[in-house]
Amino acid sequence: MSKNTLILIIVIPLLFLQALWIFMDAKKRGEKYYWAWGIFGLLNIPTSLIIYLFVTRYGYLKCPNCGKTVRNDYKFCPYCGTSLKKTCPKCGAEIKDDWKYCPECSTKLK
């Protein structure tokens, strides 16, 4: 068996496994073009996987109630309705945990 044949025997299954994992993960996360991510996974090892993980994980968080992945700019989880950001009880502006007053309406928070 030649060296090139041995490399192909190792690389081709790894490419298919990588593409399958990327495809399944993208579909599970609700990516619009999950099939395109799967095809992208066939291009090379491990660059496709690294790019996929970087692109799909940046800007997302998990809902503390249902555990689904949602965009980090959402105020409420689209799956269960749980509030993802703390908001002012009076005006609804987004607030931080350590703030004592709302920056929009000056309502006392604590």
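- Looking at an unreviewed UniProt entry, one finds the chain named Replication restart DNA helicase PriA and attributed to Thermoanaerobacter uzonensis DSM 18761.

**Observations regarding the environment of leucine 53**
Part 1 of the reasoning: Checked against the element boundaries, leucine 53 lands in helix H3 (residues 47–57).
Part 2 of the reasoning: Judged by relative accessible area, leucine 53 falls into the partly exposed class, the value being 30%.
Part 3 of the reasoning: Counting along the chain gives 28 residues from leucine 53 to aspartate 25, while the straight-line C-alpha distance between them is 9.9 Å.

**Focus on the UniProt feature "domain: DZANK-type" (unreviewed entry) in the chain**
Part 1 of the reasoning: The sites that UniProt annotates as "domain: DZANK-type" (unreviewed entry) are residues 63–105.
Part 2 of the reasoning: The distance separating the terminal C-alpha atoms of residues 63–105 is 28 Å; by composition the span is 0% helix and 7% strand.

**What to know about the pattern of salt bridges**
Part 1 of the reasoning: Applying the stated criterion across every chain yields a total of four salt bridges.
Part 2 of the reasoning: Here lysine 28 and aspartate 25 are joined by a salt bridge, their closest N and O atoms 3.9 Å apart. With lysine 28 and aspartate 25 both in helix H1 (residues 3–28) and three residues apart, this pair spans about one turn of that helix.
Part 3 of the reasoning: In this structure lysine 28 comes out as exposed when scored by relative accessible area, which is 68%.
Part 4 of the reasoning: Of the residues examined, aspartate 25 reaches a relative accessible area of 7% and is grouped as buried.

Conventions and cut-offs
- Residues numbered from 1 in each chain as written.
- Predicted model: local features only at pLDDT ≥ 70, side-chain atom pairs only at ≥ 80, totals over all residues.
- Heavy atoms only, no water.
- Helix = DSSP H or I, 4+ residues; strand = E, 2+ residues; numbered from the N terminus.
- Buried < 20%, exposed > 50% of the residue type's maximum accessible area, 1.4 Å probe, protein only.
- UniProt positions renumbered as here; feature names shortened; annotations may be inferred.
- Salt bridge = Lys/Arg side-chain N within 4 Å of Asp/Glu carboxyl O.

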